[in-house]
Amino acid sequence: MTKIVVVTSGKGGVGKTTTAASFATGLAARGHKTAVVDFDVGLRNLDLIMGVERRVVFDFVNVIHGEATLKQALIKDKQFENLSILAASQTRDKDALTAAGVERVLDELVAEFEYVVCDSPAGIERGAHLAMYFADEALVVTNPEVSSVRDSDRVLGLLASKTRRAERGDGKVREHLVLTRYNPARVAKGEMLSVDDVKEILAIPLLGVIPESQAVLTCSNAGVPVIREENADAGLAYQDLVARFLGEERPHRFLDQKKGLFSKLFGG
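Residues numbered from 1 in each chain as written. Predicted model: local features only at pLDDT ≥ 70, side-chain atom pairs only at ≥ 80, totals over all residues. Heavy atoms only, no water.

A. Representation of the packing of aromatic side chains within the structure. Following the criterion strictly, the structure yields four aromatic pairs and no others. Plain terms: the ring middles of Phe23 and Phe245 are 4.9 Å apart, the flat faces sit at 85 degrees to each other, and that makes the pair edge-to-face. Of this pair, Phe23 sits in helix α1 (residues 16-29) while Phe245 is found in helix α12 (residues 233-245), placing the two residues 222 residues apart along the sequence. The burial state of Phe23 is the same as that of Phe245; both residues are buried. Relative to Phe60, the ring of Phe39 has its centre 5.0 Å away and its plane inclined at 75 degrees; by these criteria the two rings are edge-to-face. With Phe39 in the loop between β2 (34-38) and α2 (46-49) and Phe60 in helix α3 (residues 60-64), the pair connects residues that are 21 residues apart, well separated along the chain. (Phe/Tyr/Trp six-rings, centres within 6.5 Å; stacked < 30°, edge-to-face > 60°. Helix = DSSP H or I, 4+ residues; strand = E, 2+ residues; numbered from the N terminus. Buried < 20%, exposed > 50% of the residue type's maximum accessible area, 1.4 Å probe, protein only.)

Dropping the structure here:
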């Protein structure tokens, strides 16, 4: 049975699109036929991170308005043939998304793919609401900062009350916590919330902790999802995240501060 998974948060700039790109790529790498859809109309970035920006001919809005078929608009990933990308429009605004149009496109995707990953825009406005409305599961992305966690708590309220599942009484959207840009050294100094702090506030299961990493920016600029960078902690953390989502038991790495050579030699 196909699952629609929304990647969401209240605050912008927390790593939603990075997470959506790596999550979808990770599912495809494990053999699951996956589509990832950019709901951020007017500010599209998913195609850049996926390295397909030059291959966008038709977009999500074109399909919704009958200006192109879904088959015309879907872009197949060159690395994984079972991964497809549906880009957002750069020239329309969020009012171009209609509930009926989104539902029709998602129904077409559900008929063809095992997983449909919806990359939500930031905030709680129309685009974000439509991205989460049809979801079966949600990756709630947050940074270890009070403002980010507070905004994510607001999103959890919407997931519990403003989705199709909630309206139909069809069980709740299954929620997963993804904590990004985590830096144990800054946590130790009291400059960031700890994993336990965030878990206590949001009270949803922890799926993954993604460490702060230069590789995220480097990969984004290169048009490569960071999960494909196997020498980077962030890439390994996203691989662990996908494995846990699929039911594997994996310990959470990168929660503790790395010791330098001096500390290792002298037991510090």
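B. Inspection of helix α6 (residues 126-133) at higher detail. Along α6, six of the eight residues are buried, which leaves the element largely enclosed by surrounding structure. Burial in α6 covers these residues: Gly127, Ala128, Leu130, Ala131, Met132 and Tyr133. Considering only its buried residues, α6 is in contact with β1 (3-8), α5 (99-110), β5 (115-119), α7 (146-161) and α8 (164-168). (Contact = heavy atoms within 4.5 Å.)

C. Inspection of the sheet that holds β2 at higher detail. A sheet is described by the order of its strands in space; here eight strands give the open sequence β3-β4-β2-β5-β1-β6-β7-β8, paired in mixed fashion. The open sheet has two edge strands with one neighbour each: β3 (75-76) and β8 (206-211). Bridge count between β2 and strand β4 (residues 83-86): four bridges; the pairing is parallel. By the bridge assignment for β4, Val37 is matched with Leu86. Relative to β5, α1 is tilted by about 170 degrees, and along the sheet it contacts β1, β2, β4, β5, β6 (137-142) and β7 (174-182). Contacting β6, β7 and β8, helix α10 (residues 195-202) crosses the sheet at an angle of about 150 degrees to β7. (Pairing = 2+ DSSP bridges. Axes fitted to C-alpha atoms, helices over the stretch in contact; angles between N-to-C directions.)

D. Region of the structure containing the nonpolar core. In this structure, Phe39, Phe60, Leu97, Val102, Leu109 and Leu159 are the most contacted members of the largest nonpolar core, which totals 49 residues. The biggest single contributor to this core is α7, with five residues. Beyond its immediate stretch of four places on either side in the chain, Leu159 contacts Val6, Thr8, Met132, Ala138, Val140, Val173 and Glu175. Core analysis: the next-biggest nonpolar cluster, separate from the first, contains 39 residues, Val7, Leu46, Ala215 and Ala232 among them. (Core = buried A, V, L, I, M, F, W, Y, C linked by side-chain atoms within 4.5 Å.)

E. Quick look at the environment of Arg253. Tracing the chain through its elements places Arg253 in the loop between α12 and α13 (261-266). Overall, the relative accessible area of 36% leaves Arg253 in the partly exposed class. Measuring from C-alpha to C-alpha, the distance between Arg253 and Pro211 comes to 9.1 Å, with 42 residues separating the pair along the chain. Beyond its immediate chain neighbours, meaning those up to four positions away, Arg253 contacts Leu236 and Asp240. A polar contact of 2.9 Å, which involves the side chain of Arg253, links it to the side chain of Asp240. (Polar contact = N/O pair within 3.5 Å; in protein donor to acceptor, adjacent residues only side chain to side chain.)

F. Geometry of the packing of α1 against α12. With their axes 9 Å apart at the nearest point, α1 and α12 run at an angle of 60 degrees to one another. Considering the angle they form, α1 stands oblique to α12. The handedness of the crossing between α1 and α12 comes out as right-handed. Counted together, Thr18, Thr19, Ser22, Phe23, Gly26 and Leu27 of α1 and Tyr238, Leu241, Val242 and Phe245 of α12 form the full contact between these two elements. (Parallel < 35°, antiparallel > 145°, perpendicular 65-115°, else oblique. Left-handed = near helix turned anticlockwise from the far one by under 90°.)

G. How the structure looks around the environment of Phe23. By relative accessible area, Phe23 is classed as buried at 0%. Sequence separation of Phe23 and Tyr238 is 215 residues, and the distance between their C-alpha atoms is 7.0 Å. If we ignore the near neighbours within four places in the chain, the residues touching Phe23 are Val5, Val117, Leu139, Leu241, Val242 and Phe245.

H. Spatial organisation of the pairing of β4. What you see with β4 is no split at all: Leu83 and Ile85 on one side and Ser84 and Leu86 on the other are buried throughout. Summarising the sheet, β3 and β4 pair through two bridges and their orientation is antiparallel. Residue pairing for β4: Lys76 is matched across the bridge by Ser84.

I. Representation of the side chain of Thr25 in the model. Along the chain, the position of Thr25 falls in helix α1. Excluding anything up to four places from it in sequence, Thr25 contacts Met50, Phe80, Leu83, Pro225, Ile227 and Arg228.

Read these as spatial facts, not as claims about activity.
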